[in-house]
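# Coordinate inspection notes
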Amino acid sequence: VQLQASGGGLVQAGGSLRLSCAASGSIFSPNVMGWYRQAPGKERELVASMIDNGSTKYADSVKDRFTISRDNAKNTMTLQMNKLRPEDTAFYYCNIKFIDDGAYGHDYWGQGTQVTVSS
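Let's shift gears to the nonpolar core. In this structure, W35, V47, F66, L79, M81 and Y92 are the most contacted members of the largest nonpolar core, which totals 28 residues. Of all elements in the fold, only β1 (2-6), β3 (17-24), β4 (31-38), β5 (45-51), β7 (66-71), β8 (76-81), β9 (90-100) and β11 (113-118) reach the threshold of two or more residues within this core.

Looking at where Q4 falls in the secondary structure, it is placed in strand β1. C-alpha of Q4 to C-alpha of N95: the two residues are 91 residues apart in sequence and 9.8 Å apart in space.

This part covers the sheet that holds β8. In spatial order, the strands read β1-β3-β8-β7; together these four strands make up an open sheet with antiparallel pairing. The outermost strands of the open sheet, each flanked by one partner alone, are β1 and β7. On average, each strand axis in the sheet is inclined to that of its neighbour by 15 degrees, with strand direction left out of account. One ladder, built from six bridges, connects β7 with β8; its direction is antiparallel. Within β8, the residue paired with T67 across the bridge is Q80.

Criteria and cut-off values
- Residue positions are given per chain, counting from 1 as you read along its sequence in written order.
- It should be noted that, the model being predicted, local features are given only for residues of pLDDT at least 70 and side-chain atom pairs only at 80 or more, the latter also being counted only at that level, while totals for whole chains, interfaces and linings use all residues.
- Side-chain figures throughout are based on the complete set of non-hydrogen atoms in the structure, without hydrogens or water.
- In this description, a nonpolar core means a group of buried Ala, Val, Leu, Ile, Met, Phe, Trp, Tyr and Cys residues linked to one another through side-chain atoms lying within 4.5 Å.
- Only protein chains enter the accessibility calculation, which uses a 1.4 Å probe; a residue is then buried when its area is under 20% of its type maximum, exposed when over 50%, and partly exposed in between.
- We count a stretch as a helix when DSSP gives it H or I for four or more residues in a row; a strand needs E for two or more, and each element gets its number in order from the N terminus.
- Two strands qualify as a pair provided DSSP detects at least 2 bridges between them.
- For every element, the axis is a line fit to its C-alpha atoms; helices are fit only across the contacting stretch, and the angle between N-to-C directions ranges from 0 to 180 degrees.

Just geometry here; none of it tells us what the structure is for.
Take a look at the structure:
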């Protein structure tokens, strides 16, 4: 399984960016795709995730600003980020986890994309 992320960049506070992730290879269902981020000196954290049944999860810090979506037929995922803040600055990674008997099994990571929000 390979994940290719794109869409990062530099934006002013209050602006918007859209991240995309495309998964290829043997993609089994059920699975959950998600975006994580890691800022310098901080641990990697979950930003948003979406199970292929449509269920979503968001970090409290991005609720009402970020929206995750996916196209199961194309194995793609997007993260629409609005009202960006300087504290959203981080390297963003896409991830896919396969679900086996109700538990997470193998997971895979994309190469990441930098998001920088200037104040």
